[in-house]
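The chain contents come next:
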Amino acid sequence: MTTVPVRLARGLMWLVLTMLVLAAIAISGLRFYLPQLNEYREPIRQWASEQADMSLEVAHVEGYWRNLGPSLVLQGVSVSASDDPESIVRVGDVEMQLDMLRSAIEMRLVFKDIRIDQLSLDLTRLSGSVFSQVSPSQSVVEETNQASTVKRLEELFFVQLGKFSLRNADITLLSPAGDKKRIDINELKWDGTGGQHLAEGVISIADTHFSQMRVIANLSARRSLPELSGSIYVQTQNLSITPWLNKRMLGGADIIGSNINAEVWLNLQDGKVLKSLARLDNSYLRWREGEEKHEFRIPKGLVGLTPVALAEGKTGWRIDSDQMILQTDKLLWPAFDIAAQWEP
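Bear in mind the structure is a predicted one, so any value in this text is a computation, not a measurement. (Residues numbered from 1 in each chain as written. Predicted model: local features only at pLDDT ≥ 70, side-chain atom pairs only at ≥ 80, totals over all residues. Heavy atoms only, no water.)

Q: Got a minute to help me understand the overall build of the protein in this structure?
A: Looking only at helices and strands, the protein features 4 helices and 15 strands. The burial tally for the protein puts 37% of its 344 residues in the buried class. Intrachain contacts of the protein at a sequence separation of at least 6 include 44% that bridge at least 24 residues. (Helix = DSSP H or I, 4+ residues; strand = E, 2+ residues; numbered from the N terminus. Buried < 20%, exposed > 50% of the residue type's maximum accessible area, 1.4 Å probe, protein only. Contact = heavy atoms within 4.5 Å.)

Q: What is the right way to read the environment of Thr306 from this model?
A: Secondary-structure assignment places Thr306 in strand E12 (residues 292-309). A C-alpha to C-alpha distance of 6.5 Å links Thr306 and Leu274, two positions 32 residues apart in sequence. If we skip the residues at most four places from it in the chain, Thr306 touches Leu274, Lys275, Gly316, Trp317 and Arg318.

Q: How do you make sense of the pattern of salt bridges when you look at a structure like this?
A: Two side chains with opposite charge may pair up if their charged atoms get near one another. Within the structure shown, the criterion is met by 12 salt bridges. Arg45 serves as the salt-bridge partner of Glu42, at 2.7 Å between the closest nitrogen and oxygen. Of this pair, Glu42 and Arg45 are both found in helix H2 (residues 41-52), 3 residues apart, which corresponds to roughly one turn of the helix. For Glu42, a relative accessible area of 39% gives the class partly exposed. Taking relative accessible area as the criterion, Arg45 reaches 17% and is therefore assigned buried. Across the salt bridge formed by Arg108 and Glu106, the nearest N and O atoms sit 2.8 Å from each other. Note on Arg108: relative accessible area 48%, which makes it partly exposed. For Glu106, a relative accessible area of 34% gives the class partly exposed. (Salt bridge = Lys/Arg side-chain N within 4 Å of Asp/Glu carboxyl O.)

Q: Teacher, can you tell me more about a nonpolar patch on the surface here?
A: Among the surface-exposed residues, Met13, Trp14 and Leu17 lie close enough to one another that they form a single nonpolar patch of about 340 Å² accessible area. Structurally, the position occupied by Leu17 is in helix H1 (residues 4-33). (Patch = residues over 30% accessible without salt bridge, like charges linked within 9 Å, V, L, I, M, F, W, Y side chains within 5 Å. Areas by Shrake-Rupley, 256 points an atom, 1.4 Å probe, with all protein chains shown as cover.)

Q: Whenever I open this one, the pairing of strand E11 (residues 272-289) confuses me. Can you help?
A: Taken residue by residue, a regular strand's side chains alternate between the two faces of the sheet. The sheet contact formed by strand E10 (residues 254-269) and E11 spans 13 bridges and is antiparallel. Note on E11: the bridge partner recorded for Ile255 is Trp287. Hairpin connection between E10 and E11: a loop of 2 residues separates the two successive antiparallel strands, and Asp270 in this loop has a positive phi of roughly 55°. Taken together, the 13 bridges between E11 and E12 define a ladder with antiparallel strand orientation. Across the sheet, Ser276 pairs through a bridge with Leu305, a residue of E12. Hairpin geometry of E11 and E12 is characterised by an intervening segment of 2 residues between the two adjacent antiparallel strands and by a positive phi of about 70° at Gly290. (Pairing = 2+ DSSP bridges.)

Q: Looking at this structure, I do not really get the packing of aromatic side chains. What am I missing?
A: Each pair of aromatic rings is reported with the distance of its centres and the angle of its planes. In the structure shown here, the tally under the stated rule is 4 aromatic pairs. Aromatic pair Tyr233 and Trp265: ring centres 5.6 Å apart, planes at 50°, arrangement tilted. Of this pair, Tyr233 sits in strand E9 (residues 228-239) while Trp265 sits in strand E10, and the two are 32 residues apart along the sequence. Judged by relative accessible area, Trp265 falls into the partly exposed class, the value being 31%. A network of ring pairs unites the aromatic residues Phe296, Trp333 and Phe336 as a single cluster. (Phe/Tyr/Trp six-rings, centres within 6.5 Å; stacked < 30°, edge-to-face > 60°.)

Q: Can you help me understand the layout of surface pockets in this one?
A: Empty space among the atoms becomes visible once a probe the size of a water molecule is rolled across them. Quantified by volume, the second largest pocket comes out at close to 800 Å³. Elements with a contribution of two residues or more to the lining of the second largest pocket: H2, strand E2 (69-80), strand E3 (89-98), strand E4 (111-122) and helix H4 (140-160). For the lining of the second largest pocket, the element with the most residues is E4, which contributes 6 residues. Class assignment of the residues belonging to the lining of the second largest pocket gives a composition of 21 nonpolar, 4 polar and 5 charged. (1 Å grid on protein atoms, 1.4 Å probe; cavity = no way out; pocket = protein on both sides within 12 Å on 5 of 7 lines; lining within 4 Å. Points joined across faces, edges and corners; volume = space filled by probe spheres on them. Nonpolar A, V, L, I, M, F, W, Y, C, P; charged D, E, K, R; others polar.)

Q: Just checking my understanding: could you explain H2 for this structure?
A: The α-helix advances 3.6 residues per turn, and as a result positions three or four apart in sequence lie on the same side. With 12 residues, H2 extends 16 Å from end C-alpha to end C-alpha; this agrees with the ideal 16 Å at 1.5 Å per step. Along H2, the positions that sit buried rather than exposed are Ile44, Arg45, Ala48, Ser49 and Ala52. The buried residues of H2 occupy an angular sector of 135° when projected down its axis, which confines them to one face. Note on H2: the residue one or two positions beyond its end, Asp53, has a positive phi of about 60°. (Expected span 1.5 Å × (residues − 1). Arc of directions from axis to C-beta.)

Purely geometric stuff here, so don't read any function into it on its own.
Structure representation (structure tokens):
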């Protein structure tokens, strides 16, 4: 007579065998259909548009087996608002791998290891962005729609995707001088899972040589990304700020060169700077007035900025410096430290 434990063991063994057979059939089916995914491009596009709550166009779809799971590649992707056919974001390739275990547990498609290549975003077209150009002829309805588009883009990239990496991306925005400038993102890794927003990447300014910024961030958001709290570390190497300046900003002087080497630490609370510290090293700004050339150089120094609450809800800045060495046209300034407060 067969005992209960033996029957349970046999039942469990048959269950495992059945699951292995079904898994083998599913994997074989996936391996067969993956190379033919482009034939189902339209249903895939519709599904992706529904998930993003935006209109997506996809030029080509590829599928292949990578490591222990199927991978999907979307080529020639463009993203636009459902009420605006003009593309806001263009992407060369989006590669992602299906997380089979989480998909089975959650009974929905879950992707991991998302890689976005050649993303191009023009923030100057969006009035809801702080980097946009304000059009006096733009109606209130248009501004509201574009602000909603910015919110959806924020939700798509930093919440829905969760964890992804960017390569060879560029973002166009307005410089403090009011000109359009392009920021190149060589590489950026973003992890928005677990309530935290972790970022690490290398950024450079287009049309400048050897200009590079390394960014590391550990942030959290209570309600939305513009209200982030946490810390940001930025390291610049041979950063040229010349394209971001114009004659109006420096009293009509003609900027002919700049080089910033610095480390910057920022502490944010609800989207506002709580405290900041900059360590400068061998940085300079060169300009021309008439026929004369001048140079302002900072061989080294520390500068701290702290916001100060003023009357009527205004904010001033406490400025402190330490170990500052300054020189103008190779003339060394007397040693001094700054302790001042600026009020608007």
